[in-house]
Amino acid sequence: MVTDKELCEQYGVELCLFDASDWHSSGFYNHDTKVIGIDKNLDPSYRRQVLLHELGHIQHCSYSYQFNPIKYENQANRNMIHHLVKDAISQLNDVKDFNYLKFMEYYNLNTTTDEIMIKEEFHGLVSGL
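Note that the coordinates shown come from a computational prediction; the quantities given were computed from them, not determined experimentally. (Residues numbered from 1 in each chain as written. Predicted model: local features only at pLDDT ≥ 70, side-chain atom pairs only at ≥ 80, totals over all residues. Heavy atoms only, no water.)

Draft legend 1. Quick peek at the pattern of salt bridges. Under the definition given, this model contains 5 salt bridges. One salt bridge in this structure joins R48 and D87, with 3.7 Å as the shortest N-O distance. Here R48 is found in helix 2 (residues 44-55), whereas its partner D87 is found in helix 4 (residues 69-90), with 39 residues between them in sequence. On the basis of relative accessible area, D87 is assigned to the buried category, the value being 15%. Taken together, the salt bridges that share partners define one network made up of D4, R48 and D87. (Salt bridge = Lys/Arg side-chain N within 4 Å of Asp/Glu carboxyl O. Helix = DSSP H or I, 4+ residues; strand = E, 2+ residues; numbered from the N terminus. Buried < 20%, exposed > 50% of the residue type's maximum accessible area, 1.4 Å probe, protein only.)

Draft legend 2. Highlighting the nonpolar core. The biggest cluster of nonpolar side chains holds 27 residues, and the ones touching the most others in it are L55, V85, F103, L109 and I118. The set of elements that each furnish at least two residues to this core consists of helix 1 (4-11), strand 3 (35-39), helix 2, helix 4, helix 5 (100-106) and helix 6 (112-126). Those residues in contact with F103, other than ones at most four positions away along the chain, are L84, V85, A88, F98, L109 and I118. (Core = buried A, V, L, I, M, F, W, Y, C linked by side-chain atoms within 4.5 Å. Contact = heavy atoms within 4.5 Å.)

Draft legend 3. Molecular detail of the sheet that holds strand 3. On the basis of which strands lie adjacent, the open sheet formed by 3 strands has the order 1-3-2 and mixed pairing. Of all the strands in the sheet, the pair left with one neighbour each is strand 1 (14-18) and strand 2 (27-30). The sheet shows a mean angle of 20 degrees between the axes of neighbouring strands, direction not considered. As judged from the 5 bridges shared by strand 1 and strand 3, these two strands associate in the parallel manner. What sits directly across from L15, in strand 3, is I36. Along the sheet, helix 2 makes contact with strand 1, strand 2 and strand 3, crossing strand 3 at roughly 150 degrees. (Pairing = 2+ DSSP bridges. Axes fitted to C-alpha atoms, helices over the stretch in contact; angles between N-to-C directions.)

Structural data, given as structure tokens:
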């Protein structure tokens, strides 16, 4: 599995861990500085989810986000889910062993949108195998 540092290098961003105790979210992406900030107090597994989500915002224009935030949050979540599903598949001996319900529970993904994205990303990733 690619490390957080390697992921940031691939995307050309800098990772900054900060104390988000008094902040409104667990992470952010700053387009101007190309910095992703993530709460240093997060569990490493959840920190990875936040990083993958924030990496999904790199292609978004900040002004467009103001008009359709749900669309851009969903796109960022899809990026996170894509990478998490890809990592999960790489750890399986047989892709038939992938259980999307256990995956959702493990990563605390609980919306219908999450479920649809997981299924779509899984099928997209295994269709080429």
